[in-house]
Amino acid sequence: GAALARCTRAVREATGAEVVYIYLFGDGIPHLHVHLAPHRKGDALNDQMIRGEIVEQKMPSGATQFHSKEFPALPRDESLAVAERVRQRLNGH
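The notes below deal with the structure included here. Being a predicted model, the structure only gives us computed values, none of them experimental.

### Quick word on the pairing of strand β4 (residues 64-68)
The pairing of strand β3 (residues 54-58) with β4 spans 5 bridges and is classified as antiparallel. The residue bridging Lys-58 from the neighbouring strand is Thr-64, located in β4. Where β3 folds back onto β4 in an antiparallel hairpin, the turn is made up of 5 residues, including Gly-62, whose phi is positive at roughly 100°.

### A few points about the nonpolar core
Counting residues in hydrophobic clusters, the biggest one holds 5 residues: Ala-10, Val-11, Ala-14, Val-20 and Val-86. Broken down by element, the residue count for this core peaks at 3 residues, all from helix α1 (residues 2-15). Setting aside residues no more than four positions away along its own chain, Val-11 makes contact with Val-20, Leu-36, Pro-38 and Val-86.

### Quick notes on α1
End to end, α1 covers 20 Å across 14 residues, agreeing with the expected 20 Å (1.5 Å per residue, within 8%). Here α1 has its buried residues at Thr-8, Ala-10, Val-11, Ala-14 and Thr-15. Here the buried residues of α1 occupy an arc of 160° about the axis, which is enough to place them on one side. Those residues of α1 that are buried are in contact with β1 (19-25), β2 (33-39) and α2 (76-90).

### Focus on the packing of α1 against α2
It is at 9 Å that the axes of α1 and α2 come closest, and there the two elements cross at 130°. The pairing of α1 with α2 is recorded here as oblique in orientation. With respect to the hand of their crossing, α1 and α2 are arranged in right-handed fashion. Where α1 approaches α2, its residues Arg-6, Cys-7, Ala-10, Val-11, Glu-13, Ala-14 and Thr-15 are matched on the opposing element by Val-82, Arg-85, Val-86, Arg-89 and Leu-90. Of the residues in the contact of α1 with α2, the class split is 7 nonpolar, 1 polar and 4 charged.

### Quick word on α2
Between its terminal C-alpha atoms α2 stretches 21 Å, which fits the 21 Å expected from 15 residues at 1.5 Å a residue. Of the residues flanking the end of α2, it is Gly-92, one or two places downstream, whose phi is positive at about 80°.

### With respect to the environment of Pro-72
By secondary structure assignment, the location of Pro-72 is in the loop between β4 and α2. We classify Pro-72 as exposed; its relative accessible area is 67%. Separated by 28 residues in the primary sequence, Pro-72 and Ala-44 have C-alpha atoms spaced 8.9 Å apart.

Cut-offs applied
- Residues numbered from 1 in each chain as written.
- Predicted model: local features only at pLDDT ≥ 70, side-chain atom pairs only at ≥ 80, totals over all residues.
- Heavy atoms only, no water.
- Pairing = 2+ DSSP bridges.
- Helix = DSSP H or I, 4+ residues; strand = E, 2+ residues; numbered from the N terminus.
- Core = buried A, V, L, I, M, F, W, Y, C linked by side-chain atoms within 4.5 Å.
- Buried < 20%, exposed > 50% of the residue type's maximum accessible area, 1.4 Å probe, protein only.
- Contact = heavy atoms within 4.5 Å.
- Expected span 1.5 Å × (residues − 1).
- Arc of directions from axis to C-beta.
- Axes fitted to C-alpha atoms, helices over the stretch in contact; angles between N-to-C directions.
- Parallel < 35°, antiparallel > 145°, perpendicular 65-115°, else oblique.
- Left-handed = near helix turned anticlockwise from the far one by under 90°.
- Nonpolar A, V, L, I, M, F, W, Y, C, P; charged D, E, K, R; others polar.

Put into structure tokens, the structure is as follows:
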């Protein structure tokens, strides 16, 4: 709980999100899989997890990725910049 609260705060601050949803998965193999998803009004997230037409894409690992046609992923450089801001917040910088 404390680790999730700390990580959620860092993601919220780094992204400027209003809230951060926490999705927990453990499908198939017994394990804990956690997604922290920053959310702003009007974005792709909703009570069904993702808005718009959902596309399923099989990954080389065998996992399935789901995404919305209407809400494309951030470009890689933007995603890396957000990840770096989160890392800095978690390291106290």
